[in-house]
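Residue strings, one per chain:
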Amino acid sequence: MRSTGIRRTLVALGVGALTLTACGSNDDQAADGKTRITVNCMPPKSAEVDRRFFEEDIAAFEKKNPDIDVVPHDAFPCQDPKTFDAKLAGGQMEDVFYTYFTDAGHVVDINQAADLTPYVKELKSYGSIQRQLRDIYTVDGRIYGIPRTGYSMGLVYHRQLFERAGLDPDRPPTTWAEVRDAAKKIAALGDGTVGYADYSSQNQGGWHFTAELYSQGGDVVTPDGKKAAVDSPEGRAVLQTLHDMRWKDDSMGSKQLLVINDVQQMMGAGKLGMYLAAPDNIPILVKEKGAEYKDLALAPMPGGRATLIGGDGYMFHKKASPAQIRAGLKWLDHMFLTPGDGFLGDYARAKKNDAPVGLPEPRLFTGTADAKDQQVKEDHANVPVENYQAFLDGNQSLEMRIEPPQAQQLYSVLDGVVSAVLTKEDADIDRLLKDASTKIDGILARG
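Conventions we followed
- Residues numbered from 1 in each chain as written.
- Predicted model: local features only at pLDDT ≥ 70, side-chain atom pairs only at ≥ 80, totals over all residues.
- Heavy atoms only, no water.
- Helix = DSSP H or I, 4+ residues; strand = E, 2+ residues; numbered from the N terminus.
- Rg over C-alpha atoms; globule rule 2.2 N^0.38 Å.
- Buried < 20%, exposed > 50% of the residue type's maximum accessible area, 1.4 Å probe, protein only.
- Contact = heavy atoms within 4.5 Å.
- Areas by Shrake-Rupley, 256 points an atom, 1.4 Å probe, with all protein chains shown as cover.
- Lys, Arg positive; Asp, Glu negative; His and termini not counted.
- Charge placed at Lys NZ, Arg CZ, Asp CG, Glu CD.
- 1 Å grid on protein atoms, 1.4 Å probe; cavity = no way out; pocket = protein on both sides within 12 Å on 5 of 7 lines; lining within 4 Å.
- Points joined across faces, edges and corners; volume = space filled by probe spheres on them.
- Nonpolar A, V, L, I, M, F, W, Y, C, P; charged D, E, K, R; others polar.
- Axes fitted to C-alpha atoms, helices over the stretch in contact; angles between N-to-C directions.
- Parallel < 35°, antiparallel > 145°, perpendicular 65-115°, else oblique.
- Pairing = 2+ DSSP bridges.
- pLDDT = per-residue confidence, 0-100.
- Phe/Tyr/Trp six-rings, centres within 6.5 Å; stacked < 30°, edge-to-face > 60°.
- Left-handed = near helix turned anticlockwise from the far one by under 90°.
- Salt bridge = Lys/Arg side-chain N within 4 Å of Asp/Glu carboxyl O.

It is not clear to me how the overall build of the protein should be interpreted in this structure. Could you clarify?
Check the secondary structure of the protein and you find 17 helices and 12 strands. Here the C-alpha atoms of the protein give a radius of gyration of 22 Å, agreeing with the 22 Å that 2.2 N^0.38 yields for 447 residues. Its C-alpha atoms give the protein principal-axis dimensions of roughly 70 × 50 × 35 Å. Scored against the burial criterion, the 447 residues of the protein give a buried share of 59%. In the protein, 77% of the contacts between residues at least 6 apart in sequence involve partners at least 24 apart. For the protein, the accessible area works out to roughly 17,800 Å², and carbon and sulfur atoms hold 48% of it. Separation between the mean location of the 51 positive side-chain charges and that of the 63 negative ones in the protein comes to 1 Å.

If you want it as structure tokens, here you go:
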């Protein structure tokens with residue numbers, strides 16, 4: 001699932017693109033002898049500042065590498081699930097193309113990805129990327145993609161509402177029991193204030209159920225990915241907590257079947273105490289929903305066990321030539337993988353254009369590369385970074401868990417489970433989990 005989604009935004013509009021007329025290129029040599037590569041995820045013209053940055057960075061790359069011609073394609077969003085497989089199968093995908101983390105195994109399974117293993121030694125930054133992110137694009141020991149960003153889920157909360165409810169905004173909840181208690185106190189403020197909100201429609205309920213399940217040490221599928229694992233003590237605990245907050249505490253409000261925009265609107269209007277999200281929600285809440293940075297804070301996932309991670313990266317078309325692969329890796333290094341620089345890392349440029357600098361994620365690198373990236377970010381921070389320290393500290397002890405296989409199909413099943421609990425006071429949790437398990441088993445069996 002996307003976070004807002006998933007990609008970091010430099011300005012109010014997200015960085016997102018997918019070409020309408022893209023094609024993988026067998027002709028890797030331009031008429032002037034240059035190596036030509038097509039790439040996607042160029043910001044659309046409507047994202048004026050983002051697009052200018054992207055074009056500036058390509059121009060700088062081509063000046064530095066006069067033997068490479070980069071042909072960017074744009075549209076919105078970066079990837080359309082409805083056309084993604086068809087474009088791959090039809091040979092219409094770019095040489096270097098955007099993917100969600102959850103796409104990696106699928107693209108390899110359908111034999112549409114170039115094997116980058118012989119070439120990654122030429123990617124200067126590869127060894128500094130977090131291993132857990134690199135591993136997402138590694139299948140059977142072979143490397144098929146390069147991570148670009150990553151996110152992890154946490155608890156976004158409203159500091160002003162915490163204070164009004166008599167809660168300490170510098171000590172956010174760390175357990176689900178504490179979330180429930182805080183939600184009751186915030187809802188007691190009245191005037192339509194909701195303590196805790198959750199999604200339960202458009203597959204987003206299943207996505208959040210998965211995050212909440214991970215946070216308590218549970219799982220959606222068995223370790224081999226072949227059977228459902230939601231009918232468990234952890235699964236029942238997640239649903240029982242949601243049920244009790246909704247029906248016993250009345251801390252989740254009466255309006256349900258919410259999706260991300262509904263919840264963001266509530267938080268932006270100062271009518272919501274807490275919800276689960278990644279850091280990239282914060283600039284959306286400020287720039288589009290009316291919130292202020294000083295009122296928004298971020299805590300780690302309650303529960304203390306694990307958090308759901310996601311993100312994106314680039315893969316290469318299986319027909320890309322060795323010259324195109326080498327050129328594409330150089331382009332990725334220049335655009336996205338140079339600490340403190342490039343399209344996502346030029347924090348000085350971002351600050352000059354009134355983009356948020358100082359959010360705790362994405363955090364792509366390790367070691368000295370991470371230290372450099374964080375130092376440049378700190379030097380140009382224009383948001384209250386102290387509001388996110390609990391998130392940074394808490395994440396150090398959490399297991400980072402990627403989304404389950406067949407995620408969207410599974411989320412559709414789990415949507416029904418979450419929505420039933422939040423809309424029916426007499427919902428039978430045991431029956432809901434058993435029925436969901438049967439459906440999930442069928443999805444996994446079909447592959």
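What should I look at first to understand helix α8 (residues 233–248) in this one?
Of all the residues in α8, the buried ones are G235, V238, L239, T241, L242, H243, D244, M245 and R246. Structurally, α8 contributes buried residues whose contacts are with α6 (176–187), β8 (194–196), α7 (204–215), α16 (407–423) and α17 (429–446).

Explain the layout of surface pockets here, please?
The space that makes up the second largest pocket amounts to roughly 360 Å³. In this structure, the second largest pocket is lined by 19 residues; those nearest its centre are Q130, Q132, E361, R363 and M400. Elements with a contribution of two residues or more to the lining of the second largest pocket: α4 (131–136), β6 (145–152) and α15 (389–395). Across the lining of the second largest pocket, the residue classes tally to 10 nonpolar, six polar and three charged.

Explanation requested: the packing of α7 against α16 in the structure shown.
Any two packed helices are characterised by how steeply their axes cross, that is the angle between the axes, and by the distance between the axes. Two elements in contact, α7 and α16, have axes whose closest approach is 6 Å; the angle formed by their N-to-C orientations is 85°. Here α7 is positioned roughly perpendicular relative to α16, judged by the angle of their axes. Between α7, through Q204, G205, G206, W207, F209 and T210, and α16, the contact on the second element is made entirely by Y411, L414, D415 and V418. For the contact of α7 with α16, the class distribution of residues is five nonpolar, four polar and one charged.

So what exactly am I meant to see when it comes to the sheet that holds β8 here?
In a beta sheet, neighbouring strands pair by backbone hydrogen bonds and run either parallel or antiparallel. Across the sheet, which stays open at both edges, the four strands sit in the order β8-β9-β7-β10 with mixed pairing between neighbours. A strand with exactly one partner marks an edge of an open sheet, and here the two such strands are β8 and β10 (296–300). Direction aside, neighbouring strands of the sheet carry axes that sit 25° apart on average. Two strands pair when backbone bridges link them, and strand β7 (residues 154–158) and strand β9 (residues 272–277) are joined in this way by four bridges, in the antiparallel orientation.

I would appreciate a short explanation of the pairing of β9 in the present structure.
Taken across its six residues, β9 has six buried, putting it largely inside the fold. Note: β8 against β9, two bridges, orientation parallel. Its bridge partner being in β9, V194 is matched across the sheet by L272.

Which parts of the structure should I look at to understand the confidence of the model for the protein?
Do not read the predicted coordinates in detail wherever pLDDT is low. In the predicted model, the protein carries a mean pLDDT of 92, and the fraction of residues at 70 or more is 93%. Note on residues 4–25: pLDDT is under 50 here. Beyond four places in sequence and across chains, it has 118 contacts.

Is there a simple way to think about the packing of aromatic side chains in this case?
Aromatic ring pairs are reported here in terms of the distance separating the ring centres and the angle at which the planes meet. Across all of its chains, the model carries 13 aromatic pairs by this definition. Between Y157 and F162, the ring centres sit 4.8 Å apart and the planes meet at 45°, which makes this aromatic pair tilted. F162 carries the same exposure label as Y157, and that label is buried. Chaining the aromatic ring pairs together yields one cluster made of F54, Y98, Y100, Y314, W331, F336 and F343.

Even after reading the chapter, I still don't get the packing of α7 against α8, so can you show me in this structure?
Axis separation between α7 and α8 bottoms out at 9 Å; the angle between their running directions is 115°. Two packed elements cross with a definite hand, and for α7 against α8 that hand is right-handed. Residues F209, E212 and L213 of α7 form the contact with α8, whose own contacting residues are E234, G235, V238, L239 and L242.

What exactly am I supposed to notice about the pattern of salt bridges here?
Pairing is possible between side chains of opposite charge, provided their charged atoms come close. Tallied over the entire structure, the rule returns 28 salt bridges. Its salt-bridge partner being R236, residue D430 comes within 4.0 Å of it at the nearest N-O pair. Remark: R236 occurs in helix α8 and D430 occurs in helix α17; sequence separation between them is 194 residues. Between D435 and R431 there is a salt bridge, and its shortest N-O distance comes to 3.5 Å. Within this pair, D435 and its partner R431 are both found in helix α17, separated by four residues, close to a single helical turn. The partly exposed category is assigned to D435, whose relative accessible area is 34%. We classify R431 as partly exposed; its relative accessible area is 46%.

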